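One-letter residues, chain by chain:
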Amino acid sequence: MSLTREHIIESALQVLRTYGLGDLTMRRLARELGVQPGALYWHIKNKQELLLALAREILTLHPTASGATAGERVRENALNIRTALLQIRDGADVVAVAYALDPTSLQAAKMFRSGLIDQQFSATHASWGADTLMHYILGSVSKEQTHTDLVRAGLLDGASQDQFGEAFIFGLDAILGGLGLASTQQE
């Protein structure tokens, strides 16, 4: 098998799923692929580029929404992003790093911005609104994933874990209401 960018990204996703972000190093990735670390750099410039590629891959795990109203589309996309992040161990942390590195490169943030512009928000306010949504999603999922790790380590019991989904929807609907995008699908 020849080494490709796609093989590197898939292997990196597998390391994330199994071990988490703390164990994702270029050396470990090279070892997993059976190559020397320098071979990775022909396809991925550095770890930051790898994290950006991983974030894009994580966020494509669920399709974008096609709801009837702008509020419904934004809400559905936020829920899809949450689901995608939860499928990958430390997914929120990976996407948060990528978002900090290049917030304009993630399709999810672009979708939020364009949805807000469609609702007559100025470009600046649409950007701030998209940031608010992304920060809320990333922070909520990071908290949930950290809680899961603490339960896995035996430091917490998992009894309160069921409330994360309800709390997420409550906060999301509060933000959408504040943006004037209240959805008719609130649960």
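Predicted model only: the values in this text are computed from it and were never measured.

### Details of the environment of T124
Relative to the elements of secondary structure, T124 occurs in helix 8 (residues 123–152). When the C-alpha positions of T124 and R113 are compared, they lie 9.3 Å apart, and in sequence the two are eleven residues distant.

### Considerations on a nonpolar patch on the surface
Residues L150, L155 and L156 make up a contiguous nonpolar surface patch of roughly 260 Å² in combined accessible area. Locating L155 in the fold gives a position in the loop between helix 8 and helix 9 (163–178). Of the residues examined, L155 reaches a relative accessible area of 62% and is grouped as exposed.

### Some words on the side chain of S11
If you trace the backbone, S11 turns up in helix 1 (residues 5–19). Apart from the residues lying within four places of it in its own chain, the contact partners of S11 are L29, E32 and L33.

### So, helix 7 (residues 107–118)
Three or four residues apart is the spacing at which side chains of an α-helix point the same way, because the helix has 3.6 residues per turn. Under the 1.5 Å per step criterion, the end-to-end length of helix 7 is 16 Å for twelve residues, consistent within 8% with the ideal 16 Å. Buried within helix 7 are the following residues: A108, A109, M111, F112, R113, G115 and L116. For helix 7, the elements touching its buried residues are helix 4 (47–59), helix 5 (70–86), helix 6 (91–101) and helix 8. Downstream of helix 7 by one or two residues, Q120 has phi in the positive range, about 75°.

### Description of the packing of helix 8 against helix 9
Between helix 8 and helix 9, whose axes approach to 11 Å, the crossing angle comes to 170°. Viewed along their axes, helix 8 and helix 9 adopt a mutual orientation that is roughly antiparallel. Contact residues: helix 8 offers T132, L133, Y136, I137, S140, K143, E144 and H147, while helix 9 offers F164, A167, F168, G171, L172, I175 and L176. Here the contact of helix 8 with helix 9 is composed, by residue class, of nine nonpolar, four polar and two charged.

### Description of the packing of aromatic side chains
Under the definition given, this model contains one aromatic pair. Plain terms: the ring middles of Y136 and F168 are 5.2 Å apart, the flat faces sit at 20° to each other, and that makes the pair stacked. Of the two residues, Y136 is situated in helix 8 and F168 in helix 9; the sequence distance between them amounts to 32 residues. Here the two residues Y136 and F168 agree in accessibility, since each one is buried. Above the ring of Y19, the side-chain terminus of R28 is found at 3.8 Å from the ring centroid. Directly above the ring of F168 sits R82, whose terminal nitrogen or CZ lies 5.4 Å from the centroid.

Thresholds applied
- For every chain, the first residue of the written sequence is number 1, and numbering continues from 1 onward in sequence order.
- Note on the predicted model: pLDDT of at least 70 is required for a residue's local features to be given, and 80 or more for side-chain atom pairs to be given and counted; whole-chain, interface and lining totals, by contrast, use all residues.
- The basis for every side-chain value is the complete set of non-hydrogen atoms in the structure, without hydrogens or water.
- Numbering of helices and strands starts at the N terminus; helices are DSSP runs of H or I of at least 4 residues and strands are runs of E of at least 2.
- Candidate patch residues must exceed 30% relative accessible area and have no salt bridge, after which like charges are joined if within 9 Å and Val, Leu, Ile, Met, Phe, Trp or Tyr side chains if within 5 Å.
- For accessible areas, the Shrake-Rupley method is used with a probe of radius 1.4 Å. Any residue's cover is judged against the shown protein chains and nothing else.
- For salt bridges, the criterion is a side-chain nitrogen of Lys or Arg within 4 Å of an Asp or Glu carboxyl oxygen.
- The buried label applies to any residue whose accessible area, calculated with a 1.4 Å probe on protein chains only, is under 20% of its type's maximum; exposed applies above 50%, and partly exposed to all values in between.
- Every residue pair with non-hydrogen atoms within 4.5 Å of one another is taken to be in contact.
- Any helix carries an expected span of 1.5 Å times its number of residues minus one.
- To get an axis, a line is fitted to the C-alpha atoms, and for a helix only the part in contact is used. The angle between two axes follows their N-to-C directions and goes from 0 to 180 degrees.
- Every angle not falling under 35 degrees, over 145, or within 65 to 115 is termed oblique; those three ranges are roughly parallel, roughly antiparallel and roughly perpendicular.
- In the scheme used here, Gly and all other residues not listed as nonpolar or charged are polar, with Ala, Val, Leu, Ile, Met, Phe, Trp, Tyr, Cys and Pro taken as nonpolar and Asp, Glu, Lys and Arg as charged.
- Only centres within 6.5 Å qualify two rings of Phe, Tyr or Trp (six-membered ring in Trp) as a pair; their planes then separate them into stacked at under 30 degrees, edge-to-face at over 60, and tilted for everything else.
- Over a ring means this: the NZ of a Lys or the CZ of an Arg is within 6 Å of the ring centre and within 35 degrees of the ring normal.

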